[in-house]
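Summary of the model geometry
So you can see what is in the structure, the chains are spelled out below.
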Amino acid sequence: MVFTYIGLDDTDSPQGMCTTYIGALLARSLVHAGMRVTDARLIRLNPNVTWKTRGNAAIALEADGEPDLAFEIACGLVSSHSELACDGTHPGVVVMEHRPGPAFYHKAVQGFCTVEEATTVLTDEDALFRGYKLGRGLIGATAAVAAELPDETTELLVYRRSGAFGTKRLVDPSSFFLADLATRPDTWDTVDIPNNTVVCVPHTPDPVLFGIRGETPFHVARARGFIRTEPTGMEMVYRTNQGTDAHLETQPDGQLQEGHSYRISGTVATRPATLKGGHVTFGLTISASTVTCIAFEPTKQFRQVIRGLLPGDSIVVTGSCKKRSLNLEKIGVTGMVRNVVRESPFCPSCGSRMTSAGRNKGYKCRLCKARVFVPGEREIARDITPGWYEVPSSARRHLARPLVRGLPDDAGGIERSPGE
Ligand code: ATP
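Everything quoted here is computed from the prediction, not taken from an experiment. (Residues numbered from 1 in each chain as written. Predicted model: local features only at pLDDT ≥ 70, side-chain atom pairs only at ≥ 80, totals over all residues. Heavy atoms only, no water.)

1. Overview of the packing of helix α3 (residues 103-110) against helix α5 (residues 137-146)
For clarity, the cut-off: Fitted lines through C-alpha atoms give the axes, limited to the stretch in contact for helices. The angle between two N-to-C directions lies from 0 to 180 degrees. Runs of H or I in DSSP of at least four residues are treated as helices and runs of E of at least two as strands, each being numbered from the N terminus. Put simply, angles under 35 degrees are roughly parallel, angles over 145 are roughly antiparallel, angles from 65 to 115 are roughly perpendicular, and the rest are oblique. Left-handed describes a crossing whose near helix is turned anticlockwise from the far helix by less than a right angle; the clockwise case is right-handed. Note on contacts: a residue pair qualifies if any of its non-hydrogen atoms lie within 4.5 Å across the two residues. Under the grouping applied here, Gly and all other residues not named as nonpolar or charged are polar, the nonpolar ones being Ala, Val, Leu, Ile, Met, Phe, Trp, Tyr, Cys and Pro and the charged ones Asp, Glu, Lys and Arg.
Interaxial distance between α3 and α5 falls to 8 Å at its minimum, and their mutual angle equals 120°. Judged on the interaxial angle alone, α5 and α3 are oblique. Here α3 runs over α5; the crossing is left-handed. Between α3 and α5, the residues in contact are F104, Y105 and A108 and I139, T142, A143 and A146, respectively. When the residues that make up the contact of α3 with α5 are grouped by side-chain class, the tally is six nonpolar, one polar and no charged.

Next up, the structure:
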């Protein structure tokens with residue numbers, strides 16, 4: 001039996017289409033042509049790629065059948081369904097009989113690749129491939145086929161009927177809250193409870209009606225059963241690297257690099273400050289240098305945790321390096337300093353509150369005239385406790401691992417998070 005691996009990417013535009021939709025059409029067309037589709041994967045790549053349309057997704061299918069036929073069918077669908085008229089759309093289709101090693105995928109999910117690097121991998125694999133226009137989609141298509149998934153999750157995508165594309169989506173929000181209630185923690189990011197919004201229904205004019213994310217096909221199917229919407233079209237279940245932190249590098253060598261994402265430990269260097277627009281920043285000392293960390297306004301309640309940090313706290317952060325700052329996704333508070341304020345002491349003789357005797361002159365008691373030189377100290381309770389904290393569902397990136405899936409592998413010694 002011949003196994004065929006097919007990769008697709010960069011077919012959509014801000015005005016419409018979605019590579020996952022073409023993947024779903026392709027799976028059906030391959031079955032129609034007599035093949036068995038044995039795997040379908042939705043692979044997210046480096047979220048910091050600026051030329052992405054939305055979430056930097058690429059698709060890979062595995063089928064038992066002839067590569068030539070699969071390539072012909074895939075190119076036919078990409079040619080007829082891609083948004084080729086859009087300046088930023090540069091599709092890629094790849095078909096091969098063996099999966100390349102995972103190195104190209106790791107570079108594409110954590111760093112940056114070129115079309116030439118992709119075509120080198122494809123040529124080494126004797127792949128059939130076609131790049132449209134600039135052929136940039138060959139990068140994502142190759143990476144999706146090469147992806148290894150040591151940790152994986154599932155997404156069930158439900159598409160609209162084609163006549164409804166571009167119109168307002170008709171959904172019953174309460175059914176999404178019910179689905180979440182019945183299936184969380186095995187599903188996540190269906191709704192954002194603290195912000196009272198449905199997050200799994202896009203607002204863009206693409207064919208997706210909604211997507212349910214969860215641990216297994218069983219869990220997402222269970223959640224799907226609760227959901228009430230307009231009449232639906234195709235449905236497709238993908239294995240994915242979403243919610244796995246696959247984009248994070250844990251051993252940065254030297255300086256943090258622009259467009260890379262990290263999980264790193266450091267010490268809070270400056271008091272958090274709220275900027276115009278509601279973004280919250282602070283300095284974090286990592287090894288010998290200090291970087292600015294930012295929790296943007298859309299991260300909502302997460303900013304309150306950040307405001308609770310104090311210089312000297314030990315933390316682990318995850319996030320992406322952009323414009324030399326670290327945009328935060330999660331933080332683990334591993335060690336907290338005492339919040340002690342200095343104030344006028346109480347008089348050791350009569351117990352009344354003393355007052356300052358002047359600069360560098362200590363404190364005096366107005367009643368009994370006693371003098372002391374050491375200030376009093378008062379410990380103020382901290383607003384946060386040790387543990388991991390994350391942005392709300394509505395601000396979460398596709399690749400970021402939600403805490404509902406458990407603490408990060410290297411949790412910084414934290415065994416539980418607040419609220420667990
Ligand atoms: P679509 O639904 O079409 O996949 P998208 O939001 O996923 O939309 P694309 O339109 O595919 O984004 O644009 C991303 C482009 O960036 C693709 O051409 C892809 O091949 C390319 N790309 C992905 N990861 C990298 C990377 N690490 N380095 C360079 N290019 C990349």
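2. A short note on the site of the ligand
Operational definition: In this text, near means that some heavy atom of the residue lies within 4 Å of the molecule or strand in question. Polar contacts, as counted here, are pairs of nitrogen or oxygen atoms within 3.5 Å of one another; within protein the pair requires one atom able to donate a hydrogen and one able to accept it, and residues that are adjacent in sequence qualify only if both atoms are side-chain atoms. Exposure was quantified through the Shrake-Rupley algorithm and a 1.4 Å probe, taking into account, for residues, occlusion by the shown protein chains and nothing else.
Near the ligand, the surroundings consist of 23 residues, among which D10, D12, T53, R54 and A57 are the closest. T53 places a polar side-chain atom, nitrogen or oxygen, 2.5 Å from an oxygen atom of the ligand. Within the backbone of G140, one N or O atom sits 2.9 Å away from an oxygen atom of the ligand. When the ligand sits alone it has 620 Å² of accessible area, and the protein chains cover 98% of it.

3. Notes on the pattern of salt bridges
Here is the rule we go by: The salt bridge definition used is simple: a Lys or Arg side-chain nitrogen within 4 Å of an Asp or Glu carboxyl oxygen. In this scheme, a residue with accessible area under 20% of its type's maximum is buried, one over 50% is exposed, and one in between is partly exposed, where area comes from a 1.4 Å probe on protein chains only.
Under the counting rule described, the total for this entry stands at 25 salt bridges. Its salt-bridge partner being E117, residue K107 comes within 2.7 Å of it at the nearest N-O pair. Taken together, the positions of K107 in helix α3 and E117 in helix α4 (residues 115-124) put the pair 10 residues apart, joining distant regions of the chain. For R213, the salt bridge goes to E155, with nearest N and O atoms at 3.0 Å. Here E155 lies in strand β6 (residues 153-160) and R213 lies in strand β10 (residues 208-214), a separation of 58 residues in the sequence. With relative accessibility at 14%, the residue R213 sits in the buried group. One salt-bridge network, in which partners are shared between bridges, spans D39, R41, E62, R99, E152 and R239.

4. Notes on unusual backbone geometry
Of the consecutive residues R184 and P185, the connecting peptide bond is found in the cis state with omega at 10°. Looking at where P185 falls in the secondary structure, it is placed in the loop between α6 (173-183) and β7 (187-188). Positive phi values are uncommon outside glycine, yet D189 reaches one of about 60°. Here D189 shows up in the loop between β7 and β8 (191-192). Although it is not a glycine, R324 adopts a positive phi angle of roughly 65°. On the secondary structure map, R324 appears in the loop between β17 (314-322) and β18 (325-335).

5. Quick word on the side chain of T89
Residue placement: T89 occurs in the loop between α2 (67-81) and β4 (92-96). Residue classification places T89 among the buried residues on the basis of a relative accessible area of 0%. Polar contacts involving the side chain of T89 include one to the main-chain carbonyl oxygen of D12, which spans 2.7 Å. Setting aside chain neighbours within four positions, we find T89 in contact with D10, T11, D12, S13, E83 and K133.

6. Re the nonpolar core
Threshold: By nonpolar core we mean a set of buried residues, namely Ala, Val, Leu, Ile, Met, Phe, Trp, Tyr and Cys, connected to one another through side-chain atoms within 4.5 Å. Segmentation into domains, and thus their bounds, comes from an automatic or database assignment.
Membership of the largest hydrophobic core comes to 34 residues, with the highest contact counts inside it found for L26, L30, L61, Y159 and Y238. Both of domain 1 (3-146) and domain 2 (153-240) provide at least three residues apiece to this core. Ignoring anything within four residues of it in the chain, the contact list for Y238 reads T20, G23, A24, A40, R41, L42, I59, T153, T154, E155, L157 and Y159. L45, L122, V145 and A147 belong to the second largest nonpolar core, which has 28 residues in total.

7. Here we look at the packing of α6 against helix α7 (residues 217-224)
Here α6 crosses α7 at 140°, and the two axes come no closer than 8 Å. Taken together, the axes of α6 and α7 lie oblique to each other. As α6 runs across α7, the sense of the crossing is right-handed. When α6 is examined against α7, the residues A179, A182 and T183 are found in contact with a partner set consisting of H219, R222 and A223. Looking at the contact of α6 with α7 residue by residue, the classes come out as three nonpolar, two polar and one charged.

8. Quick word on the pairing of strand β2 (residues 36-44)
Inclusion rule: Two strands pair if DSSP finds at least two bridges between them.
Bridging between β2 and strand β3 (residues 57-64) involves eight bridges; their strand directions are antiparallel. Note that in β3 the partner of A40 across the bridge is L61. Relative to strand β11 (residues 232-240), β2 runs parallel, the two sharing two bridges. Paired with R41 across the bridge in β11 is R239.

Purely geometric numbers; function is a separate question.
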